[in-house]
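Read off the chains here:
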Amino acid sequence: FFFYLLIYYSNQNQIIITGKAKIIDGDTIHIGKNKIRIHGIDAPELNQTCNFQGKEWNCGKKSKEFLLNLINSNSVNCKVTDIDKYKRYIGICFVDKLNLNKIIVINGWAIAYRYYSKDYIDEEFIAKRKKLGIWKGNFEEPYYFRKNNK
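Read on for a plain summary of the structure. Per chain, the residues get numbers from 1 upward, laid out in the order the sequence is written. Residue-level local features of this predicted model are given only where pLDDT is at least 70; pairs of side-chain atoms are given and counted only at 80 or more, and the full residue set underlies all totals for whole chains, interfaces and linings. Side-chain metrics rest on all non-hydrogen atoms present in the structure, leaving aside hydrogens and water.

### So, the layout of surface pockets
To keep it simple, the criterion reads: A cavity here means a set of 1 Å grid points, computed over protein atoms only, where a 1.4 Å probe fits but cannot escape. A pocket is an open set with protein on both sides within 12 Å along at least 5 of 7 lines, and lining residues have an atom within 4 Å of a point. Grid points are joined across faces, edges and corners, and a volume is the space filled by probe spheres set on the points. For helices the rule is a DSSP run of H or I covering at least 4 residues; for strands it is a run of E covering at least 2, with both sets numbered from the N terminus onward. Polar here means any residue outside two lists: the nonpolar Ala, Val, Leu, Ile, Met, Phe, Trp, Tyr, Cys and Pro, and the charged Asp, Glu, Lys and Arg; Gly therefore counts as polar.
In this structure, the largest pocket occupies an estimated 880 Å³ of space. If you go around the largest pocket, you meet 33 residues; those closest to its centre are Arg37, Tyr113, Tyr116, Tyr143 and Arg146. For the lining of the largest pocket, the element with the highest residue contribution is helix α4 (residues 142-148), accounting for four residues. Of the residues belonging to the lining of the largest pocket, the class tally is 14 nonpolar, three polar and 16 charged.

Structure representation (structure tokens):
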């Protein structure tokens, strides 16, 4: 088993973190010792449930599983856009040319995190219209879930 991690600066002095990712939840990964919060999206928390046809289901775990299957042990490249108050990198992440941020939202496993970014509102609209992922039923926005369950 070969583990690699690469951090380098592109021409624009942008930090790129590359390597095998450990999936923490639907919007957080670790590459080596680097904690990366996926930019512009907010996924349900691991212990968060959603409601579909009167039944509770663990949408937080499903969101994590979606990201796990999406990455599928491929190498991930994250372009760092910022560092948050928890000292995590904020990144736009890719597997090959697939933008993970967009794919997670367009499949309904996270919402566009409008408080920080307007980047994935179109993808959210599509997921909502098609009733994909968490949009198939009712859910509390992850931000409010975190706030109400401290």
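That was the structure; now back to the text.
### Some words on the pattern of salt bridges
Going by this rule: Each reported salt bridge corresponds to a side-chain nitrogen of Lys or Arg within 4 Å of a carboxyl oxygen of Asp or Glu. For each residue, the accessible area found with a 1.4 Å probe, counting protein chains only, is set against the maximum for its type, and the residue is called buried under 20%, exposed over 50%, and partly exposed in between.
The full count for this structure, using the stated rule, is seven salt bridges. Measuring nitrogen to oxygen at the nearest pair gives 3.2 Å for the salt bridge that ties Arg37 to Asp42. Arg37 gets classed as buried once you look at its relative accessible area, which sits at 8%. Its salt-bridge partner being Glu124, residue Arg114 comes within 2.9 Å of it at the nearest N-O pair. Taken together, the positions of Arg114 in the loop between β11 (111-112) and α3 (121-130) and Glu124 in helix α3 put the pair ten residues apart, joining distant regions of the chain.

### Quick look at the state of the cysteines
Let me state the cut-off plainly: Disulfides are defined in this document as cysteine sulfur pairs within 2.5 Å.
Throughout the structure, instances matching the rule amount to two disulfides. Paired through a disulfide, Cys50 and Cys59 show a sulfur-sulfur distance of 2.0 Å. Across the S-S bond linking Cys50 and Cys59, the dihedral sits near 75 degrees, which makes this disulfide right-handed. There is no split in this pair, since Cys50 and Cys59 are both buried. Paired by a disulfide, Cys78 and Cys93 hold their sulfur atoms 2.1 Å apart. A torsion of 110 degrees about the S-S bond marks the disulfide between Cys78 and Cys93 as right-handed. In this pair, Cys78 sits in strand β8 (residues 75-83) while Cys93 sits in strand β9 (residues 89-95), placing the two residues 15 residues apart along the sequence. On the basis of relative accessibility, which here comes to 0%, the residue Cys78 falls in the buried class. Judged by relative accessible area, Cys93 falls into the buried class, the value being 0%. Of note for the protein: the bonded cysteines, numbered N- to C-terminal, pair according to 1-2, 3-4.

### Describing the side chain of His39
Condition: Note on definitions: a residue-residue contact is assigned when non-hydrogen atoms from the two residues lie within 4.5 Å.
Mapped onto the elements, His39 comes out in the loop between β4 (34-38) and β5 (41-42). The exposure class of His39 is buried, given its relative accessible area of 13%. Among all residues touching His39, those that are not within four sequence positions of it are Thr81, Ile90, Gly91, Ile92, Asn101, Ser117, Asp119 and Tyr120.

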